[in-house]
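A structural walkthrough
This is what each chain is made of:
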Amino acid sequence: MPNQSIKNTTKSAAPTEPTVKVKKITPPQLVRGMHDLLPAEWPWWNFISSVIKEQAEAYRFERLETPILEKLNLFTRAIGGSTDIVEKEMFAFVDKNEDHLALRPEYTAGLARAYIEHGMMALHKPIKLFCFGPVFRHERPQAGRFREFRQYDFEIYGEAGAAADAQIILLASSFFSKLHLPITIQINSVGCPTCRAAFRQKLVDYFRSKRSHLCEDCKRRLVKNPLRILDCKVEECHAQALRAPQIVDSLCLECSTHFTKLLEYLDEVDLAYQLNPYLVRGLDYYTRTVFEIWAEGDDGKNTLAAGGRYDNLITDLGGVATPAIGFAGGAERLILELKARAIPVPEIPPPDLFLACLGEPARKKAFRLFEELRNQGVKVAESFTKDGLKGQLEIANKLKVKFALVLGQKEMMDGTIIVRDMENGIQEIVDLKKVVTEIKKRIEASVTDTSLL
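Residues numbered from 1 in each chain as written. Predicted model: local features only at pLDDT ≥ 70, side-chain atom pairs only at ≥ 80, totals over all residues. Heavy atoms only, no water.

**Looking at the environment of Gln246**
Here is the rule: Here a helix means four or more residues in a row that DSSP labels H or I, a strand means two or more in a row labelled E, and each is numbered from the N terminus. Buried, partly exposed and exposed residues are distinguished by accessible area as a fraction of the type maximum, computed with a 1.4 Å probe on protein chains only: under 20%, between the cut-offs, and over 50%, respectively. The contact rule is simple, with two residues in contact once any of their heavy atoms fall within 4.5 Å.
In this structure, Gln246 sits in the loop between helix H8 (235-241) and helix H9 (253-268). The class for Gln246 is partly exposed, based on a relative accessible area of 29%. The sequence separation of Gln246 and Ala362 amounts to 116 residues, and the corresponding C-alpha distance is 77 Å. Contact partners of Gln246, with chain neighbours within four places excluded, come to Phe199, Pro277 and Tyr278.

Structure follows, in structure tokens:
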């Protein structure tokens, strides 16, 4: 037998695949200080929004919304260059056109700009405006404080009398009453530029002798804006401020008379308030009346809203002299307080009925019926992506609907639909063409029965 070469039957090893490094993708995250408004939060937001709307209608305020982005100098001129908002908290930047812009840190300056720019000085006075939307401040995030937060704002333009001050404070009181939040109202007068000049010198003389007890910010305020020292939250500064001269002792006759009339109006309606001689606001545009809304039992660390009069702001921005007063607050703080006090918010009313279907032909027909019901003002729910009747009716039970409509293959052939009473389980077959009229009658009858209880 001829020699044959022996073949190597051993398979050669497969070439080693190079190791592929999978790049780990980092999920996106919120910018620090921002927050999402998740579905579970909206009962509180809807509650607050409804009360804002209700108060605006009751006191005849019209809505005006300004853009989020404004020119930087609007806020530096209106709020004041030495305020914490302008010095530390504004989101300011230079855009591609080299314009100096800022995200609005509050509403009043933008509303004043809109008042001037749109010629509102020619309108019948007083002009009552309100707004509700996001504002931005670059401060340290903490409970109830975000860098983006929602602010509500009510303002009256063109009324110099103390009656306007009283109405704004009454509106604020009524607003918190509707929210079922117990509050205290702190009131003071910071006078006008004339009488405040004399008081300013008294403060400078007093705090110079206490300079070693002041924080670094207040040492600068002593030169730039000594009234701001009264608003400092640093404990030692606050202790010195409580022994400082009181501005009410320095008010001119006009400012003193205005403040007395305001208190008389509030006394007339038996509105409880507390005179706070050391209360000032952190913005330069305030004149005469200033006030804050504190949560009941709080010492001012949880200010829910604040406001006051700013009679010179429109003039300072180049407009015709227009007296004005307003107040504003943050909605996130309200929600935090509502939750802390376990105050219930209104639940979203359940749908009137649930539309269930079995099979593809019935689902197509149900699509059309859903729109017919909705167009007739019926609040209807569905789950067209589910096939089983049991799963659909479980959803109907969770939604607490009064009735369910069931449409299947048999009903499609007969031109009928099943009406199911979800409380007692009784079912009735109804002509499909008449179901909209029939279901509206049953819903109205059930509402009448409930109202008689």
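Picking up where we left off.
**Description of the sheet that holds strand E9 (residues 287-295)**
To keep things clear, this is the line we draw: Criterion used throughout: strands pair if DSSP finds at least two bridges between them.
Across the sheet, eight strands lie side by side as E1-E5-E6-E11-E10-E9-E7-E8; this open sheet has mixed pairing. Across the chains shown, the open sheet's two edge strands, defined by having one partner strand only, are strand E1 (62-63) and strand E8 (274-275). Pairing between strand E5 (residues 127-136) and strand E6 (residues 148-157): ten bridges, direction antiparallel. For Ile127, the partnering residue across the bridge sits in E6 and is Tyr157.

**Topic: the packing of aromatic side chains**
Applied cut-off: Here a Phe, Tyr or Trp ring, Trp counted by its six-membered ring, pairs with any other such ring whose centre lies within 6.5 Å, and the pair is stacked when the planes are under 30 degrees apart, edge-to-face when over 60, and tilted otherwise. Lysine and arginine charges are scored as sitting over a ring when NZ or CZ, respectively, is within 6 Å of the ring centre and within 35 degrees of the ring normal.
The full count for this structure, using the stated rule, is 15 aromatic pairs. Look at Phe154 and Phe327: their rings are 5.6 Å apart centre to centre, the planes differ by 10 degrees, and that puts the pair in the stacked class. In this pair, Phe154 is assigned in strand E6 and Phe327 in strand E11 (residues 324-330), connecting sequence segments 173 residues apart. Like Phe154, the residue Phe327 is buried in the burial classification. Ring geometry for Tyr286 versus Tyr310: centroids 6.5 Å apart, planes at 80 degrees, classification edge-to-face. Of this pair, Tyr286 sits in the loop between E8 and E9 while Tyr310 sits in the loop between strand E10 (303-309) and helix H10 (313-316), and the two are 24 residues apart along the sequence. Given the relative accessible area of 9%, Tyr286 is considered buried. Looking at Tyr310, the relative accessible area reads 1%, which means it is buried. Taking NZ or CZ as reference, Lys339 lies 4.8 Å from the ring centre of Trp44, over its face.

**Considering the nonpolar core**
Heads up, the rule is: In these notes, a set of buried Ala, Val, Leu, Ile, Met, Phe, Trp, Tyr and Cys residues joined through side-chain atoms within 4.5 Å is what counts as a nonpolar core.
By size, the foremost hydrophobic cluster in this structure holds 54 residues, and its most contacted members are Tyr157, Phe207 and Leu230. Membership of the second largest hydrophobic core comes to 44 residues, among which are Ala172, Ile183, Leu262 and Leu338.

**A word on the packing of helix H2 (residues 72-79) against helix H4 (residues 108-117)**
Here is the rule: Only C-alpha atoms enter the line fits that serve as axes; for helices the fit covers just the stretch in contact. Angles between N-to-C directions range over 0 to 180 degrees. Oblique is the label for any angle not under 35 degrees, not over 145, and not in the 65 to 115 range, which are roughly parallel, roughly antiparallel and roughly perpendicular in turn. The residue classification treats Ala, Val, Leu, Ile, Met, Phe, Trp, Tyr, Cys and Pro as nonpolar and Asp, Glu, Lys and Arg as charged. All others, Gly included, are polar.
Two elements in contact, H2 and H4, have axes separated by 9 Å at closest approach and are oriented at 105 degrees. Comparing the axis directions of H2 and H4 gives the class roughly perpendicular. Residues Leu74, Phe75 and Ala78 of H2 lie in contact with H4, whose contacting residues are Ala109, Gly110 and Arg113. Its residues placed into classes, the contact of H2 with H4 shows four nonpolar, one polar and one charged.

**Observations concerning the pattern of salt bridges**
To be explicit about the condition: Each reported salt bridge corresponds to a side-chain nitrogen of Lys or Arg within 4 Å of a carboxyl oxygen of Asp or Glu.
For the structure on display, the rule yields 21 salt bridges. The closest approach of N and O atoms between Lys178 and Glu54, which form a salt bridge, is 3.3 Å. Taken together, the residues Lys178 in helix H5 (residues 162-178) and Glu54 in helix H1 (residues 42-58) connect sequence positions 124 residues apart. A relative accessible area of 36% places Lys178 in the partly exposed class. Note that Asp217 and Lys88 form a salt bridge whose closest N and O atoms lie 2.6 Å from each other. Here Asp217 is found in helix H7 (residues 216-224), whereas its partner Lys88 is found in helix H3 (residues 84-89), with 129 residues between them in sequence.

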